[in-house]
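The chain contents come next:
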Amino acid sequence: MGRYVARRLLQMIPVFIGTTLLIFLMVNVLPGDPVRALWGDKPPDPAQVAQIKHDRGLDLPLWEQYLHYMKGLLQGDFGKTIAGNRPIIDEIKQAFPVSARLAIMAWTFELVVGIALGVLAGVKRGRFIDNTVTLFTLLVISVPIFVFGLALQMVFGNELGWVTPTVQDSENFGELMLPALVLGLVGLAYVARLTRTAIAENRQADYMRTAVAKGLPRQRIITRHLLRNSLIPVVTYLGTDIGTLMGGAVITEGIFNVTGVGNLLFDALGDREGAVIVGIVTVLVLVYLLASLIVDLLYAVLDPRIRYA
Amino acid sequence: MRGAKSAKWVAIAGVVALTATACGGGDDDKGSGKVDPKGIVSYANGEPQNLLQPSNTMEAYGSVVIDALFTGLVHYDKQGNITYENAESVKPSEGNKVWTVKLKPGWKFHDNTPVTAKSYVDAWNWAADPANGQQNSSWYRDIVGYEAVHPAKGKATKKAMSGLKVVDENTFTITLKTGIPYYAYKLVYKPFFPLPAAALKDPKKYGEAPVGNGPYKFSKWDRKKMISVRTWPGYKGADKPKNGGIDFKAYNKDTGAYADLRSDKVDTMPLVPNSEIANFKNDFGDRAIEMDFSAINTINPAFYTKQWKDIDVKVIQGLSMAIDRDTIAKTVFSGTRESATSWVAKGVKGYEANTCGEYCKFDAKKAKQLIKDGGGVPGNKISIQYNADQPHKDWVVAVCNSITKSTGVKCVGDPVTDFAADTEIRDQKKVKSIYRSGWVLDYPFNGNFLADLYGTGVDGNKGGFSDKKFDKLTAQADKAKTIDESAKLYTQAEKELQNSFPGIPLWYNKTLSAYSNNVKNVEFDQAGDPILSEVQVFEK
Amino acid sequence: MPDATKTTAAEAVAETPVAAKVVDGGEASGKPRSLWGDAWRDLRRRPLFVISAALIVVLILVAAFPGLFTDANPESGDLQNHFLEKPNLGHFFQADWFGYDRQGRSIYARVIFGARNSIMVGLGVTILVTAFGGLVGMLAGYFGGFWDSLLSRIVDVFFGIPFLLGAMVVLNAFTDRTAMVIIGALAFLGWTQIARVMRGAVITTKHADYVMAAKALGAGTGRILFRHILPNALAPVIVVATISLGTYIVAESTLSFLGLGFGNDSFSWGSDISDALNDIRNNPHTLIFPAGMLSITVLAFIMMGDAVREALDPKLR
């Protein structure tokens, strides 16, 4: 077990370097000069442009910039923004907790409602409830998320007035409810579909027949035997989804004015704040790598046949 | 709200009390009707790009906060005439070369240190020094000795501009390289604000908690959430606030701000989102605001391309006549824009309607004829470049449709992802055919829309346009004795543009906004800035 | 299978039993054709499959020959007469059937002509992703060892970048966003999913008796890979590909919403949906028709994928 974890941690190093390098290169081929853009459509001042570029290390060759960046990163230094000269770590520190909160809420929602719907549909396969759940999940997947977001904002925020249309305080759980629902909707549909399929398959398995033959109570059969065995694909999905939820909330955060990573990213892209984009992706990749390690370890818990040496 | 940021890049202070002739303001009968002089106004804004330093603030989010905290020497009224604020007088010498500024005595900064001639001169010299990284420093370039402090290349040789001289505590002089009759207008802009001595000692700390001389005192800055300013009792200016302070709330999207405005969660916003221009009058009734905004939209041929290099002006005139501005304004813009008939926006000194003559009127037949007479559009196809991060697509498509329908010239939109990329393409002179351009006033003087945009080789002239006759006329206007005379000569120069057509005027912009049930007396000036000190808040 | 862990939505939906079944089928009959034959016989009897297949055929016809379905020009509008005109639902297949948009263009014509770009993005990305991801996955799975480690780490690198964010960065780099650019950008970030599925399937298949037999008979690597392993490992890949085709169409519309969809004068359902958002409060018809078409298309492909999976998985019969 310990050796397995150590090996996995070692494997993460090249992946981490590769991902940061890839995003670093991608950001650097973007058109538009961020320093010049500070002046908008007014003529820039060449002396100032040179000064700012020199100050942020943007006048160095690309490979040197990357080395500098990685060197700083090891010491926890994410660099400074081009506009405003603020430490990027401050921006990330401010945005991440907000996104994490939103992501965890959406994730819990996926987990609870998704699995519940999936079990319901899987157990009653082919019945009315199954068809309803299947239809619902298909609809959710086939409608773009921004259409949902705007529609729900209009209905609950403006017409019914149950919630404020946008989030006033990004640290308030109650206000994050609606955006979390929108964010988790697609994942919920996938979780429900996965659970349904797994349950439907495992229902035919031998151990289930044994359990039924033994006369175990139905409740116990479903939770102890059926669900536990059906959860592997669901856990896999949910494990990797937490990273996606944190980084993929650009749309939801934009619609509901949540001051999280998605918005920070979107603005950084528009302002060509390359270091901010790379910084965020760096943290997201770490979250993702750790999440997938935890998922793998969870396998052993769910399925005793899997052992890590 | 990224769009707003670049749409109105430059925003000039709006702290002057205007005569209440405008629409929209009106008394409101909602709420208790009683005004609370200590009530706080919330304004939908965004996170400022830089620290809050006047000489380092260009974009709209920072500008509106700076304007609340500072009061400059002069400002202007609705007609574009200069008004004195912190200055008692600003007088030019013969030939407009040496300007003498006299301050109103007794003014103080929020930290209770006096505002003196030195507060101005030191602040400007500090900001001109490239080592201090102030973005607006090129605004001092008319002053004698600027190059010694701020050379384009190499090390600075001096720390102070020789053209600035403190005469006594309340008087200083500005010596310019050449006479500029309308120089007082430039003094409205933020880099010409004063700074207290403490600010120059620790600029960073000061930039996070600025101390100004304006109607409001800085209270706190909750990053990316809110900036609060409160009414400062020691203010000496005429525009004493009628409310207790302003909360500038940071929004990422104007649609979010609009949704909040509808449910009274925020009191007003700079510009309603594009998706709501058809609805905002219904949503807000008499609380909707529609006011003139001194900005103009044009589409300009890139004269450095093969297509436009040796073009007969008749072709451009023809394209201009092929655009049905009125119908597009009525439908696509839901009647919230006004067809342009000149190259200068409304609300600035020297504005005159119809300088474009018949060429800005829609006439499909004549348009077709003119293009034919001029030898046609090379390739019979044009594209209009625009930035897709702002709501330009709708009107570009409509303009293209109009041109194709009236003349048969094929026309497509050429969207560029965002403003940064769009600017780069324009700067590098890589526009393929035609580009959209919008200009918001720097100062309300027609020269700002003419010489600064269409003069041969000037920075604002992105299309490589050149008209010797126009250059000669503007040079004469710059040599005029008075502002009025100069404005008149500039109008002469503008009329000449009919014959060389540097760009096709499309529409004059309007400020479209609204206010919540909590407040009244919300107005905007011609620079599109809210006049926050006049807003009154109802008792809760 | 300690390493085949990270899955995404569609992959997880399809997950492993399919691969297992393929092996079973292969072992039982010795010929891959019978697996597909079985599945085909099963599929023809499923209403889900018949409906989705019919829909897909119609959609592809629309995308290929839009001119057959309408005479109206989707690009030239008439502001004077048709600005935001409401639909006339009785006027089947006429220009004003679905009403007009804010440029006075026929929404029916827009929906018909927009199909091509939307479906092209879906198909194009799927083809690229399946070809490239499939190849990488096959090589990694078959050769194992060093090559597997190397290729799997490369897959991890691309997988680590959030899809939407990556697409935003890539598309920002292009000022001229044609169908090719959008397809390329989505494929650039999306190929890892298929690579993983393929790798897993190849690992399960390569130990099958018939592969061993072929090896023993001295068949070349290429022959083993393409004649023996590929046909049997293909099933899970096809399922994942069919389902994700729909999600790529949705992805394109999401990018349009962010202002990164089709540029220039080309348009798609996605770009029309995001344009329509300006008018939804008073003129929801500008949104409903393109959004409806998009949803139907995505539904058709997902349903098709579901049907194929159920047909291939004996446990679900």
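Calculation notes
Residues numbered from 1 in each chain as written. Chains lettered and ligands numbered in written order. Predicted model: local features only at pLDDT ≥ 70, side-chain atom pairs only at ≥ 80, totals over all residues. Heavy atoms only, no water. Core = buried A, V, L, I, M, F, W, Y, C linked by side-chain atoms within 4.5 Å. Buried < 20%, exposed > 50% of the residue type's maximum accessible area, 1.4 Å probe, protein only. Helix = DSSP H or I, 4+ residues; strand = E, 2+ residues; numbered from the N terminus. Domains from an automatic or database assignment. Contact = heavy atoms within 4.5 Å. Patch = residues over 30% accessible without salt bridge, like charges linked within 9 Å, V, L, I, M, F, W, Y side chains within 5 Å. Areas by Shrake-Rupley, 256 points an atom, 1.4 Å probe, with all protein chains shown as cover. Salt bridge = Lys/Arg side-chain N within 4 Å of Asp/Glu carboxyl O. Lys, Arg positive; Asp, Glu negative; His and termini not counted. Charge placed at Lys NZ, Arg CZ, Asp CG, Glu CD. Buried area = accessible area lost by both parts, 1.4 Å probe. Polar contact = N/O pair within 3.5 Å; in protein donor to acceptor, adjacent residues only side chain to side chain. Nonpolar A, V, L, I, M, F, W, Y, C, P; charged D, E, K, R; others polar. Phe/Tyr/Trp six-rings, centres within 6.5 Å; stacked < 30°, edge-to-face > 60°. Lys NZ or Arg CZ within 6 Å of the ring centre and 35° of its normal. Pairing = 2+ DSSP bridges. UniProt positions renumbered as here; feature names shortened; annotations may be inferred. Axes fitted to C-alpha atoms, helices over the stretch in contact; angles between N-to-C directions. Left-handed = near helix turned anticlockwise from the far one by under 90°.

S.K.: How should the nonpolar core be read in this particular structure?
M.R.: Counting residues in hydrophobic clusters, the biggest one holds 181 residues, and the most contacted among them are A:Ile23 and A:Ile280. Ranked by residues supplied to this core, first place goes to helix 11 (residues 221–257) of chain C with 17 residues. The residue makeup of this core includes at least three contributed by each of domain 1 (22–77) and domain 2 (95–302) of chain A. With residues near it in sequence (within four places) discarded, A:Ile23 still touches A:Ile277, A:Val278, A:Val281, C:Ile161 and C:Val169. Core analysis: the next-biggest nonpolar cluster, separate from the first, contains 143 residues, A:Ala83, B:Tyr185, B:Val188 and B:Phe449 among them.

S.K.: Looking at this structure, how should I read a positive patch on the surface?
M.R.: Taken together, A:Lys124, A:Arg127, A:Arg203 and A:Arg218 make up a surface patch of like positive charges. Relative to the elements of secondary structure, A:Arg127 occurs in the loop between helix 5 (88–123) and helix 6 (128–142).

S.K.: Which parts of the structure should I look at to understand the domain arrangement of chain B?
M.R.: How big an interface is tends to be stated in terms of accessible area lost as the parts join. Residue and element names in this part refer to chain B. Partitioning chain B into structural domains gives domain 1 (71–199) and domain 2 (293–510). Look at where the C-alpha atoms of domain 1 and domain 2 centre, and you get two points 34 Å apart. Three residues, Pro 181, Tyr 182 and Tyr 185, lead the burial of domain 1 against domain 2; their summed loss comes to 49% of the area buried on that side. The tally of links from domain 1 across to domain 2 stands at zero salt bridges. The interface formed by domain 1 and domain 2 includes four residue pairs in polar contact (both at pLDDT 80 or more). Looking at side-chain class alone, the side of domain 1 that touches domain 2 contains five nonpolar, five polar and four charged residues.

S.K.: Looking at this structure, how should I read the domain arrangement of chain A?
M.R.: All names here are of chain A. Domain annotation of chain A identifies domain 1 (22–77) and domain 2 (95–302). Distance between the C-alpha centres of domain 1 and domain 2: 37 Å. On the domain 2 side, the residues contacting the nine residues of domain 1 number 10 residues. Inspection of the domain 1/domain 2 interface yields zero salt bridges. The interface formed by domain 1 and domain 2 contains two residue pairs in polar contact (both at pLDDT 80 or more).

S.K.: Explain the pattern of salt bridges here, please?
M.R.: Opposite charge on two side chains permits pairing when their charged atoms draw close. Scanning the entire structure with this criterion turns up 46 salt bridges over all chains. Among the ionic pairs, A:Asp33 bridges to A:Lys53, the shortest N-O distance being 2.8 Å. With a gap of 20 residues between them, A:Asp33 in the loop between helix 1 (2–28) and helix 2 (34–37) and A:Lys53 in helix 3 (residues 46–55) connect regions that are remote in the sequence. According to the relative accessible area criterion, A:Lys53 is partly exposed, its value standing at 25%. Measuring nitrogen to oxygen at the nearest pair gives 2.8 Å for the salt bridge that ties B:Glu358 to B:Lys366. Residue B:Glu358 is classed as partly exposed on the basis of its relative accessible area, which comes to 37%. Classification of B:Lys366 as partly exposed rests on a relative accessible area of 35%. Bridged by salt links that share partners, the residues B:Lys281, B:Glu290, B:Glu338, B:Lys346 and B:Lys510 form one connected network.

S.K.: Would you mind going over the packing of aromatic side chains with me for this structure?
M.R.: How two aromatic rings sit relative to each other is given by the distance of their centres and the angle of their planes. Counted under the stated rule, the structure contains 45 aromatic pairs over all chains. For the pair A:Phe156 and A:Trp162, a centre-to-centre distance of 5.4 Å together with 40 degrees between the ring planes defines the contact as tilted. You can call A:Phe156 partly exposed: its relative accessible area is 24%. When its relative accessible area of 62% is taken as the criterion, A:Trp162 is described as exposed. The structure contains a cluster of three or more aromatic residues connected by ring pairs, namely B:Trp99, B:Tyr120, B:Trp124, B:Tyr140, B:Phe172, B:Tyr183 and B:Phe192. Positioned above the aromatic ring of B:Phe333, the side-chain terminus of B:Arg337 is 4.3 Å from the ring centre.

S.K.: Would you explain the sheet that holds strand 19 (residues 536–538) of chain B in this entry?
M.R.: By definition, the strands of a sheet pair up through backbone hydrogen bonds, in either a parallel or an antiparallel sense. Residues and elements named next belong to chain B. Pairing in this open sheet of three strands is antiparallel, and the strands run 1-19-18 from one edge to the other. Since the sheet does not close on itself, it has two edges, and those belong to strand 1 (35–36) and strand 18 (519–520), each with one partner. Both strand 1 and strand 19 contribute to a ladder of two bridges, which runs antiparallel. Looking across to strand 19, one finds that Val 35 is bridged to Phe 538.

S.K.: Sorry, what's going on with the UniProt feature "domain: Solute-binding protein family" (unreviewed entry) in chain B here?
M.R.: Under the local residue numbering, the UniProt record ascribes the feature "domain: Solute-binding protein family" (unreviewed entry) to residues 85–458 of chain B. The distance separating the terminal C-alpha atoms of residues 85–458 of chain B is 31 Å; by composition the span is 29% helix and 21% strand.

S.K.: Whenever I open this one, the environment of C:Gly90 confuses me. Can you help?
M.R.: Residue and element names in this part refer to chain C. Relative to the elements of secondary structure, Gly 90 occurs in the loop between helix 5 (79–82) and helix 6 (107–143). Relative accessible area serves as the criterion here: at 55%, Gly 90 is assigned to the exposed category. As for Gly 90 and Ala 179, which are separated by 89 residues in sequence, their C-alpha atoms are 34 Å apart.

S.K.: What exactly am I supposed to notice about the UniProt feature "transmembrane region" (unreviewed entry) in chain A here?
M.R.: Residues and elements named next belong to chain A. Within this structure's numbering, the places UniProt gives as "transmembrane region" (unreviewed entry) are residues 12–30, 104–123, 135–156, 176–194, 234–256 and 276–302. With 100% helix and 0% strand, residues 104–123 has end C-alpha atoms that lie 28 Å from one another. Between the C-alpha atoms that bound residues 176–194 there is a distance of 27 Å. The span itself is 100% helix and 0% strand.

S.K.: Any chance you could explain the packing of helix 6 of chain C against helix 11 of chain C here in plain terms?
M.R.: Working note: a packed helix pair is described by the angle between its axes plus the distance between those axes. Residue and element names in this part refer to chain C. Viewed as axis vectors pointing N to C, helix 6 and helix 11 meet at an angle of 145 degrees, and their least axial separation amounts to 7 Å. As for the relative orientation of helix 6 and helix 11, their crossing is right-handed in sense. Here the contact of helix 6 with helix 11 is built from residues that sort into 19 nonpolar, five polar and one charged.

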